[in-house]
Amino acid sequence: MSEVGVFNFETKTVLLNSGYEMPIMGLGTYSLSDEECAVSIAALLEAGGRLIDTAYMYGNEAAVGQAILDSDVPREEIFVITKLYPTQYSYAAEAIDDALERMGLDYIDMIILHHLGDGDVEAYLALEQAVANGKVRSIGLSNWYVEELEEFLPQVNITPALVQNEIHPYYQENDVIPYIQSLGIVVQGWYPLGGRGHTSELLNDETIVAIAEAHGVSSAQVILRWNLQKGVVVIPGSSDPDHIRENLDLFGFELTDEEMDAINALDRNEKHDWY
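Every chain is numbered independently, its residues counted from 1 as its sequence is written. Per-residue local features of the predicted model are confined to residues with pLDDT of at least 70, and side-chain atom pairs are confined, for both listing and counting, to 80 or more; whole-chain, interface and lining totals are unaffected and use all residues. Working from all heavy atoms in the structure, the side-chain values ignore hydrogens and water.

1. Quick look at the overall build of the protein
Then, in step 1: A tally of regular secondary structure across the protein gives 11 helices and 11 strands.
Then, in step 2: Relative accessibility thresholds used throughout: buried, under 20% of the residue-type maximum; exposed, over 50%; partly exposed, between the two (1.4 Å probe, protein chains only). The buried share of the protein, reckoned over its 275 residues, is 54%.
Then, in step 3: Partitioning the contacts of the protein with sequence separation of at least 6, the portion at a separation of at least 24 is 72%.
Then, in step 4: A 1.4 Å probe and the Shrake-Rupley method give the accessible areas. Residues count as covered only by the protein chains that appear here. Put simply, the protein shows about 11,700 Å² of open surface, and 47% of that area lies on carbon and sulfur atoms.
Then, in step 5: A positive count includes Lys and Arg, and a negative count includes Asp and Glu. His and the chain ends are not counted in either. We put the charge of a Lys on NZ, of an Arg on CZ, of an Asp on CG and of a Glu on CD. Computed over 13 positive and 46 negative side-chain charges, the inter-centroid distance for the protein is 4 Å. Helix and strand assignments follow DSSP, with helices taken as H or I runs no shorter than four residues and strands as E runs no shorter than two, numbered in order from the N terminus. Contacts between residues were defined by any pair of non-hydrogen atoms, one from each residue, lying within 4.5 Å.

2. Remarks on the pattern of salt bridges
Close approach of charged atoms lets side chains of opposite charge pair.
Then, in step 1: We define a salt bridge as a side-chain nitrogen of Lys or Arg found within 4 Å of a carboxyl oxygen belonging to Asp or Glu. Counted according to the given criterion, the structure contains nine salt bridges.
Then, in step 2: Note that Arg-50 is salt-bridged to Glu-77, the shortest N-O span being 3.5 Å. Here Glu-77 lies in the loop between helix 2 (61-70) and strand 6 (79-84) and Arg-50 lies in the loop between helix 1 (34-46) and strand 5 (51-53), a separation of 27 residues in the sequence.
Then, in step 3: Its relative accessible area of 43% is what places Glu-77 among the partly exposed residues.

3. Considerations on the layout of surface pockets
Then, in step 1: Using protein atoms alone on a 1 Å grid, points that fit a 1.4 Å probe yet trap it form a cavity, whereas open point sets bounded by protein on both sides within 12 Å along at least five of seven lines form a pocket; residues with an atom within 4 Å of a point count as lining. Grid points are joined across faces, edges and corners, and a volume is the space filled by probe spheres set on the points. By volume, the largest pocket is sized at about 710 Å³.
Then, in step 2: Taken together, 32 residues form the lining of the largest pocket, with Tyr-30, Tyr-191, Gly-195, Arg-196 and Gly-237 sitting closest to its centre.
Then, in step 3: Among the secondary structure elements, those contributing two or more residues to the lining of the largest pocket are helix 7 (199-203) and helix 10 (241-248).
Then, in step 4: For the lining of the largest pocket, the element with the highest residue contribution is helix 10, accounting for three residues.
Then, in step 5: Residue composition of the lining of the largest pocket, by class: 14 nonpolar, 13 polar and five charged.
Then, in step 6: Volume-wise, the second largest pocket comes out at about 170 Å³. Put simply, Ala, Val, Leu, Ile, Met, Phe, Trp, Tyr, Cys and Pro go in the nonpolar bin, Asp, Glu, Lys and Arg in the charged bin, and everything else, Gly too, in the polar bin.

4. Some points on the pairing of strand 10 (residues 186-190)
Then, in step 1: Extensive coverage of strand 10 is indicated by the burial of five of its five residues.
Then, in step 2: The alternating pattern of strand 10 places Val-186, Gln-188 and Trp-190 on one face and Val-187 and Gly-189 on the opposite face, and all of these are buried.
Then, in step 3: Crossover handedness for the path strand 9 (residues 162-166) to helix 6 (residues 176-182) to strand 10: right-handed.
Then, in step 4: A pair of strands is treated as paired once DSSP finds two or more bridges between them. Relative to strand 11 (residues 232-234), strand 10 runs parallel, the two sharing three bridges. Paired with Val-187 across the two strands is Val-232, which belongs to strand 11. Here a crossover is taken to be right-handed if, once the strands point away from the viewer, the path from the first strand over the helix to the second is traced clockwise.

5. Brief notes about empty space enclosed by the protein
Then, in step 1: Taken as a whole and assessed by the stated rule, the structure comprises one cavity of 30 Å³ or more.
Then, in step 2: Taken as a whole, the largest cavity holds about 30 Å³ of empty space.
Then, in step 3: Around the largest cavity, the lining residues are Gly-26, Leu-27, Leu-44, Pro-236, Ile-244, Asn-247 and Leu-248.
Then, in step 4: Sorting elements by how many residues they give to the lining of the largest cavity places helix 10 first, with three residues.
Then, in step 5: By residue class, the composition of the lining of the largest cavity is five nonpolar, two polar and no charged.

6. Overview of the sheet that holds strand 2 (residues 13-15)
Then, in step 1: Pairing in this open sheet of three strands is antiparallel, and the strands run 1-2-3 from one edge to the other. In the strand order of this sheet, the two ends are held by strand 1 (7-8) and strand 3 (21-23), each with one partner.
Then, in step 2: Across two bridges, the pairing between strand 1 and strand 2 is antiparallel. Across the sheet, the residue bridging to Phe-7 is Val-14, located in strand 2.

7. Some remarks on a negative patch on the surface
Then, in step 1: Residues form patches when they are more than 30% accessible in relative terms and have no salt bridge. Like charges link within 9 Å. Nonpolar side chains (Val, Leu, Ile, Met, Phe, Trp, Tyr) link within 5 Å. A surface patch of negative charge is lined by Glu-254, Asp-257, Glu-258 and Asp-261.
Then, in step 2: Locating Glu-254 in the fold gives a position in the loop between helix 10 and helix 11 (257-264).
Then, in step 3: What makes Glu-254 exposed here is its relative accessible area of 53%.

8. With respect to the packing of aromatic side chains
Then, in step 1: Stacked, tilted and edge-to-face pairs are distinguished by plane angle, under 30 degrees for stacked and over 60 for edge-to-face with tilted covering the rest, among Phe, Tyr and Trp rings (Trp via its six-membered ring) whose centres lie within 6.5 Å. As enumerated under the stated definition, the model contains five aromatic pairs in all.
Then, in step 2: Pairing Trp-144 with Phe-152 gives two aromatic rings, centres 5.2 Å apart and planes at 65°, and the pair type is edge-to-face.
Then, in step 3: Residue Trp-144 is classed as buried on the basis of its relative accessible area of 0%.
Then, in step 4: Accessibility expressed as a relative area gives 4% for Phe-152, which makes it buried.
Then, in step 5: An aromatic cluster is defined as three or more aromatic residues linked by ring pairs; in this entry it consists of Tyr-124, Trp-144 and Phe-152.
Then, in step 6: For a Lys NZ or an Arg CZ to count as sitting over a ring, it must be within 6 Å of the ring centre and within 35 degrees of the ring normal. Across the ring face of Tyr-107, the terminal group of Arg-75 is positioned such that the distance to the ring centre comes to 4.1 Å.
Then, in step 7: Lying over the aromatic face of Tyr-170, Arg-268 brings its terminal NZ or CZ to 3.6 Å of the ring centre.

Set out below in structure tokens:
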């Protein structure tokens, strides 16, 4: 039996507190155009990836939905996450229906709130209702940290299945991750490779390069594997099919305790986005 929140490296999934299995690595579609979504999602699914992250704010939900429908992979094998933006919180129930319609899907595997905003509790309660109505299977939050969660959780009924935050070797959240996991909530990292304008510096970090060379893998694979070994789901963004395949190929090597410690020592508490 799978245990909630514990990564299964054989099935490459984690059991959420909602009762659903979610892949532990996938594709983030932030900044991907409609054409790039089609190519990237096709490459992901062809390579065995089954987790896709999008958002209302990305403007590509329709393209993501179309790519899923165009695929030969059965819908129930694909786990799709989208997000409501704070501008939608005041009409969250309608926004959920709009997302389903835009994506052309009968249900969405997970909808999360993109970040804190006016009416976020009410919007989350609308997500809870969507779960009851069978429109959404799991719900969660993005960019919520310890204090925010302590204030938010007593006001809602369903514990989030997921909290998605910025996490990479220069911004590690080593105090936040165990707290979230202790609540039975899975942690997912966005910007796992540092994010726009910072990726090159991170991939060329001498500590990470040395570890990559020792295993005969890429720096990106080392960083993604480091996340997995910390129990953090990864959704690196890419429009390059070769990179997408490489970002899924994380199970032929394992980082030692010493290598994990060396990467943990790189933390600068350096956020690369404002959330």
